[in-house]
Protein chains: 2
Amino acid sequence: MAFTIAVVGVGLIGGSFALAAKRAGIADRVLGVSSPGTLEKALALGIVDEGLALEEAAPRADLILLSATIHSIIETIPRLRGLARRDAVVTDAGSTKRAIVNTAAAVDGMYFVGGHPMAGKEKGGVEEADPSLFHGRRWVLTTDQGTGDPRFDRLFELVKSIGASPVLMNASGHDAAVARTSHLPQLLSTALAASLEQSFQHEAPVLAGPGLIDATRLALSPYPVWKDILETNRDQISAAMSEYLEEWRAQFEALSREGDLEAQFARAAAFAKRLRE
Amino acid sequence: MAFTIAVVGVGLIGGSFALAAKRAGIADRVLGVSSPGTLEKALALGIVDEGLALEEAAPRADLILLSATIHSIIETIPRLRGLARRDAVVTDAGSTKRAIVNTAAAVDGMYFVGGHPMAGKEKGGVEEADPSLFHGRRWVLTTDQGTGDPRFDRLFELVKSIGASPVLMNASGHDAAVARTSHLPQLLSTALAASLEQSFQHEAPVLAGPGLIDATRLALSPYPVWKDILETNRDQISAAMSEYLEEWRAQFEALSREGDLEAQFARAAAFAKRLRE
């Protein structure tokens, strides 16, 4: 039985998904929906078999992957009403899940499972597509529309067959978790680098060691990606920032009152070690 | 003319300095002052030629390197009164400089130049000593006792001859700079990991990517080292934390008022890029 995938947004993630699904023998045909320039490259690279408009591609697909910015995914979802087949599964690769899953829940007759592949590369773009990108990476699948459905199982098996580990959680749990493990570290790194930019405006920061290089790596992230993430996860990120501030305060008070930070350092090291196990 | 070095605290830094100075053909003889167990290893490894007490080693040395914890350096300095020769240069490898340089300034007849080699390894100890440790690394030399002195020049040339780049600054400038480039990033990483340890107490933080690994690397640092650093640089670290908090606040307000962080991200990325040039 032929299996057709439509990838809406053929960049690094969408392109890698298409290549991986073909290599795993799951996708017989890949339809690409993207800008003309991107489609031209994707066709030349053999990543998609046809470049089409959304209206043509969606009704032919057994699986639709929306792989673009969060706002673009949210704009695309209502357009799938009546286009996506009832037996198809629609999924996405956005970095926050509540806004996307809620938008999809309002589209009758469409079966949607939110997704978040925890994979990436420093450089994006369809030229960087790599069928091994998801090997050994976690891939969140949201359970908000239930999991006891053959369409869910089909997506679950596909994620496994391209080498990723599916992690099932609801959209709220996902957004709370990534607010702490991804969005908070991003903001800390940005705030640190922005603060140092003020301190060292006219001098080279000559005393920088490898610790500062690590601590400012995320500060290189492009804002447009983060704008969408911040806008669709405000409450959880604010909560995570407030939790962080408690620890900042304990440090600041320890410095002014000659207090001790041994317990905080021990807790922190315990977490950092657990993360590396 | 024979040149004798005394290394007080023969660990990774002291041992590497001894090896590097010998390899560069500068030290004819290295006297080690350390615990009996460490001296035994250092002698076996050919890192020191003799293991002695401070009282025996100091009068024989043309250069004395104090390479231990900040508090131990501060305790050792007054003991050098009348022991260190007037034509010798005494230096150290502590991570903060004001407390050490001020202690040394009170010892009449001793010429002291504070030092901070910006080098290290994950594992410490004399067994890790490596004559190439300082290659291409910056080595701060404090200018508080002036630089127009042959004893200063001798230390300066030695630092260069072992492959490091001497950076001249006064102790206050050093402490202000490292508060921002080293101590602040350490505290941020510790606070982040401590905060996440609270959030993920009973679960594995399954959604952690490489960004979180980078962001929590410093949180693995041992507290005893940092206890001394925090105690001897309280004012500058507090100031750096307050500067950081301004950026945190801008983020928190942008999240609650749906504001924009584009300018902050741009400043941060500019700094992070400059750091990598």
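Residues numbered from 1 in each chain as written. Chains lettered and ligands numbered in written order. Predicted model: local features only at pLDDT ≥ 70, side-chain atom pairs only at ≥ 80, totals over all residues.

**A word on the overall build of chain A**
Logical step 1: Per the secondary structure count, chain A includes eleven helices and nine strands.
Logical step 2: Taking the principal axes of its C-alpha atoms as reference, chain A extends roughly 70 × 40 × 35 Å.
Logical step 3: Here the analysis covers contacts within chain A between residues at least 6 apart in sequence; of these, 72% occur between residues at least 24 apart. (Helix = DSSP H or I, 4+ residues; strand = E, 2+ residues; numbered from the N terminus. Contact = placed C-beta atoms within 7 Å.)

**Some details on the relation of the copies chain B and chain A**
The two chain copies are connected by a rotation around an axis plus a translation along it.
Logical step 1: Turning chain B through 180 degrees and shifting it by 0.0 Å along the axis lays it on chain A, with an RMSD of 0.0 Å. A rotation of that kind, with that shift, is consistent with a two-fold axis.
Logical step 2: Residue by residue, 100% of the interface of chain B is reproduced at the interface of chain A, so both copies engage with the same surface. (Least-squares fit on C-alpha atoms with pLDDT ≥ 70 in both.)

**A word on the confidence of the model for chain A**
Logical step 1: Per-residue pLDDT for chain A averages 95, and the proportion of residues at 70 or more is 99%.
Logical step 2: Overall fold confidence (pTM) sits at 0.93, and the ipTM for the predicted complex is 0.92. (pLDDT = per-residue confidence, 0-100.)

**Regarding the interface of chain B and chain A**
Logical step 1: The partner chain A presents 66 residues to the 66 residues of chain B that form the contact.
Logical step 2: Counting residues per element, the ones that place at least two in the side of chain B that touches chain A are helix 7 (171–199), helix 8 (210–215), helix 9 (223–232), helix 10 (234–256) and helix 11 (262–275) of chain B.
Logical step 3: Residue classes in the side of chain B that touches chain A are distributed as 40 nonpolar, 15 polar and eleven charged. (Nonpolar A, V, L, I, M, F, W, Y, C, P; charged D, E, K, R; others polar.)

**Quick look at the sheet that holds strand 9 (residues 165–169) of chain A**
All names here are of chain A.
Logical step 1: The three strands lie next to each other as 7-8-9, forming an open sheet whose pairing is mixed. Of all strands in the sheet, those bounded by a partner on one side alone are strand 7 (115–117) and strand 9. The mean inter-strand angle of the sheet, taken between neighbouring strand axes irrespective of direction, is 20 degrees.
Logical step 2: For strand 7 and strand 8 (residues 138–142), the ladder comprises three bridges, and the chain directions are antiparallel. By the bridge assignment for strand 8, His-116 is matched with Val-140.
Logical step 3: The sheet strands contacting helix 6 (residues 150–161) are strand 8 and strand 9, and the helix crosses strand 8 at an angle near 175 degrees. (Pairing = 2+ DSSP bridges. Axes fitted to C-alpha atoms, helices over the stretch in contact; angles between N-to-C directions.)

**A few points about the environment of Val-101 of chain A**
Residue and element names in this part refer to chain A.
Logical step 1: Position of Val-101 relative to the elements: it lies in helix 5 (residues 98–105).
Logical step 2: In this structure, the C-alpha to C-alpha distance between Val-101 and Asp-144, residues 43 residues apart in sequence, is 7.7 Å.
Logical step 3: Here Val-101 is in contact with Gly-114, Thr-142, Asp-144 and Ala-171, once residues within four sequence places are set aside.

**Quick notes on the pairing of strand 4 (residues 63–66) of chain B**
Logical step 1: Here strand 4 of chain B shows no split at all, with Leu-63 and Leu-65 of chain B on one side and Ile-64 and Leu-66 of chain B on the other all buried.
Logical step 2: Each parallel crossover has a hand, and for strand 4 of chain B linked through helix 4 (residues 70–76) of chain B to strand 5 (residues 89–92) of chain B it is right-handed. (Buried ≥ 20, exposed ≤ 12 C-beta atoms within 10 Å, placed from the backbone. Right-handed = clockwise from strand over helix to strand, strands pointing away.)

**Describing the pairing of strand 1 (residues 4–8) of chain B**
Residues and elements named next belong to chain B.
Logical step 1: Taking burial as the measure, the five residues of strand 1 include four buried ones, the bulk of the element.
Logical step 2: Pairing geometry for strand 1 and strand 2 (residues 29–33), over five bridges, is parallel. Within strand 2, the residue paired with Ala-6 across the bridge is Leu-31.
Logical step 3: For the crossover that starts at strand 1, traverses helix 1 (residues 12–23) and ends in the parallel strand 2, the hand is right-handed.
Logical step 4: Sheet analysis places strand 1 next to strand 4, joined by four bridges and oriented parallel. Paired with Val-8 across the two strands is Leu-66, which belongs to strand 4.

**A few points about the domain arrangement of chain A**
All names here are of chain A.
Logical step 1: If you check the domain split of chain A, you get domain 1 (4–169) and domain 2 (174–275).
Logical step 2: Relative to domain 2, the C-alpha centre of domain 1 lies at a distance of 32 Å.
Logical step 3: Facing the twelve residues of domain 1 at the interface are six residues of domain 2.
Logical step 4: At the level of secondary structure, the elements contributing two or more residues to the side of domain 1 that touches domain 2 comprise helix 4 (70–76), helix 5 and strand 8.
Logical step 5: Looking at the side of domain 1 that touches domain 2 residue by residue, the class counts come to four nonpolar, six polar and two charged. (Domains from an automatic or database assignment.)

**A few points about the packing of helix 7 (residues 171–199) of chain A against helix 10 of chain B**
Logical step 1: In the contact formed by helix 7 of chain A and helix 10 of chain B, the axes pass within 8 Å of each other and the chain directions differ by 130 degrees. Judged on the interaxial angle alone, helix 10 of chain B and helix 7 of chain A are oblique. Crossing of helix 7 of chain A against helix 10 of chain B: the hand is right-handed. Residue-level contacts link Leu-187, Ala-191, Leu-192, Ala-194, Ser-195, Gln-198 and Ser-199 of chain A of helix 7 of chain A to Glu-243, Tyr-244, Glu-247, Trp-248 and Gln-251 of chain B of helix 10 of chain B.
Logical step 2: In the contact of helix 7 of chain A with helix 10 of chain B, the residues fall into six nonpolar, four polar and two charged. (Parallel < 35°, antiparallel > 145°, perpendicular 65-115°, else oblique. Left-handed = near helix turned anticlockwise from the far one by under 90°.)

**A short note on the environment of Asp-62 of chain B**
Residue and element names in this part refer to chain B.
Logical step 1: Within the secondary structure layout, Asp-62 lies in the loop between helix 3 (54–57) and strand 4.
Logical step 2: Look at Asp-62 and you get buried, because 20 C-beta atoms sit within 10 Å.
Logical step 3: Residues Asp-62 and Arg-154, 92 residues apart in the sequence, show an inter-C-alpha distance of 9.7 Å.
Logical step 4: Setting aside residues no more than four positions away along its own chain, Asp-62 makes contact with Phe-3, Thr-4 and Ala-88.

**Here's the deal with the sheet that holds strand 5 (residues 89–92) of chain A**
Residues and elements named next belong to chain A.
Logical step 1: One open sheet holds the six strands; their spatial order is 3-2-1-4-5-6, and the pairing between them is parallel. Taken across any chain shown, the strands that pair with only one partner, and hence form the sheet edges, are strand 3 (50–51) and strand 6 (111–113).
Logical step 2: In this sheet, strand 5 lies alongside strand 4 (residues 63–66) in parallel orientation, the contact comprising four bridges. Pairing of Leu-66 across the sheet is with Asp-92, part of strand 5.
Logical step 3: Set on the sheet, helix 6 makes contact with strand 4, strand 5 and strand 6; between it and strand 5 the angle comes to about 45 degrees.

**Focus on helix 7 of chain B**
All names here are of chain B.
Logical step 1: The end-to-end C-alpha distance of helix 7 is 40 Å, a good match for the 42 Å that 29 residues give at a rise of 1.5 Å each.
Logical step 2: By the largest-angle criterion, Ala-179 marks the main kink of helix 7, which is about 45 degrees.
Logical step 3: Counting buried positions over the 29 residues of helix 7 gives 25, a clear majority of the element. (Expected span 1.5 Å × (residues − 1). Bend = angle between axes of the 7 residues up to and from the residue.)

**Let's talk about the nonpolar core**
Logical step 1: With 188 residues, the main nonpolar core has Ile-64 of chain A together with Ile-64 of chain B as its most contacted residues.
Logical step 2: Excluding anything up to four places from it in sequence, Ile-64 of chain B contacts Ala-6, Val-8, Ala-58, Ala-84, Ala-88 and Val-90 of chain B. (Core = buried A, V, L, I, M, F, W, Y, C linked by C-beta atoms within 7 Å.)

**Description of the environment of Trp-139 of chain B**
All names here are of chain B.
Logical step 1: Secondary-structure assignment places Trp-139 in strand 8 (residues 138–142).
Logical step 2: Assessed through the 24 C-beta atoms surrounding it within 10 Å, Trp-139 is described here as buried.
Logical step 3: Once you skip the residues sitting within four places of it in the chain, Trp-139 turns out to touch Gly-115, Pro-117, Met-118, Phe-134, Val-159, Ala-164, Ser-165, Pro-166 and Val-167.

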